[in-house]
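Listed below are the residues making up each chain.
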Amino acid sequence: MIVVTGASGNVGGQVVALLAAAGERVTAVSRRTAELPEGVRQVRADLDDPAGLKDAFEGADALFLLVAGQNPQAILDAAMAGGVRRVVLLSSQGAGTRPDFYRHPAAFEDAVRRSGLEWTILRPGGFHSNAYAWAESVRGGRSAAAPFGDVGLPTIDPADIAEVAAAVLREDGHAGRVYELTGPAPTTPRERVAAIGAALGTPVRFAEQTREEARAQMLQFMPEQVVEGTLAILGEPTDAEQRVSPDVERVLGRAPRSFADWAVRNASAFR
């Protein structure tokens, strides 16, 4: 059995669906009730309460783990007590490139490495789906605002992350690997807004924010330390953060999906 945490989320929900479609027994763990494929067992639990995960982990042999909760070692101890032997951690590119800013995922990575389990770490960069932040302004005024309009980063489709995770959970040969997950090419915020306009069949205006404007907006839903790290990546990315990784293709045998493809598939959110 495979346990998927964050089963109601952007990536976890797709991991559940892929595993169920492949005939795996799946337990979906989330804090709120999620709509799940037939046959998937649902457990409502919180990673901040590892003791409450006992039922979810009982009889499991693999775990898809989010960076959530404050005690990764306690989560892993509960998983091992239930029989888990393989863990796939959804971390963040920043844990490798800017660990001082991304201490939470870095701590989870350290715990996973020291766990004695068969582990694989996934480090995606920015998600294509971060563009959902523009949905309201695109729907209401055919405009979208972001800082650093001409700085390109190879963002990734959450569907590709989910496919990689499902493959690594089911297949041998990935133990001890850290996979950097990116899209097929860097795109700038200006280019991503244009791609949304193309998917809608109507122009969308790009408005460039100052760093301070973006910072104030991000602080409404992100911790200050993560905001500073994110702004640094968006505005002054390192070579590693702009590099297109081959890892999606190595695992899946195909190139990752482009932002333009994501925009077409999700155009209804911006209409």
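Above this note sits the structure.
Residues numbered from 1 in each chain as written. Predicted model: local features only at pLDDT ≥ 70, side-chain atom pairs only at ≥ 80, totals over all residues. Heavy atoms only, no water.

Attention shifts here to the packing of helix H9 (residues 211–218) against helix H10 (residues 224–235). Orientation of H9 relative to H10, taken along the N-to-C sense of each, is 140°, at an axis distance of 10 Å. Between H9 and H10, the angle is such that the two are oblique. Viewed along their axes, H9 and H10 form a crossing whose handedness is right-handed. Contacts between H9 and H10 involve Arg-211, Ala-214, Arg-215 and Met-218 from the first element and Glu-224, Val-227, Glu-228, Thr-230, Leu-231, Ala-232 and Leu-234 from the second. Taken together, the residues of the contact of H9 with H10 break down into six nonpolar, one polar and four charged. (Axes fitted to C-alpha atoms, helices over the stretch in contact; angles between N-to-C directions. Helix = DSSP H or I, 4+ residues; strand = E, 2+ residues; numbered from the N terminus. Parallel < 35°, antiparallel > 145°, perpendicular 65-115°, else oblique. Left-handed = near helix turned anticlockwise from the far one by under 90°. Contact = heavy atoms within 4.5 Å. Nonpolar A, V, L, I, M, F, W, Y, C, P; charged D, E, K, R; others polar.)

If you walk across this open sheet you meet the seven strands as E3-E2-E1-E4-E5-E6-E8, and the pairing is parallel. Edge positions in the sheet fall to strand E3 (41–44) and strand E8 (177–181), since each has one partner strand and no second. Ignoring strand direction, the axes of neighbouring strands in this sheet form an average angle of 15°. Pairing analysis gives five bridges linking strand E5 (residues 86–90) to strand E6 (residues 118–124), with the strands arranged parallel. Across the sheet, Leu-89 pairs through a bridge with Ile-121, a residue of E6. Contacting strand E4 (62–66), E5, E6 and E8, helix H5 (residues 103–114) crosses the sheet at an angle of about 160° to E6. Helix-sheet contacts for helix H7 (residues 158–170) involve strand E1 (2–5), E4, E5, E6 and E8, and the interaxial angle to E5 is about 165°. (Pairing = 2+ DSSP bridges.)

A few words on the packing of aromatic side chains. Under the defined criterion, the tally for this structure stands at four aromatic pairs. Considering the side-chain rings of Tyr-132 and Trp-262, the 5.1 Å spacing of their centres and the 65° angle between planes classify their relative orientation as edge-to-face. Of this pair, Tyr-132 sits in the loop between E6 and helix H6 (135–141) while Trp-262 sits in helix H13 (residues 259–265), and the two are 130 residues apart along the sequence. Here the aromatic rings of Trp-262 and Phe-270 are separated by 6.1 Å at their centres, their planes lie at 75°, and the arrangement is edge-to-face. (Phe/Tyr/Trp six-rings, centres within 6.5 Å; stacked < 30°, edge-to-face > 60°.)

Counting 29 residues, the largest nonpolar core has Val-15 and Phe-64 as the members making the most contacts within it. Among the secondary structure elements, those contributing two or more residues to this core are E1, helix H1 (12–21), strand E2 (26–30), E4, E5, H7, E8 and helix H12 (247–252). Per-element tally for this core: the top contributor is H7, with eight residues. Look past the residues within four positions of Val-15 in its chain and what remains in contact with it is Val-4, Phe-64, Ala-162, Ala-165 and Leu-169. Val-3, Val-43, Phe-57 and Ala-78 belong to the second-largest nonpolar core, a separate cluster that totals 25 residues. (Core = buried A, V, L, I, M, F, W, Y, C linked by side-chain atoms within 4.5 Å. Buried < 20%, exposed > 50% of the residue type's maximum accessible area, 1.4 Å probe, protein only.)

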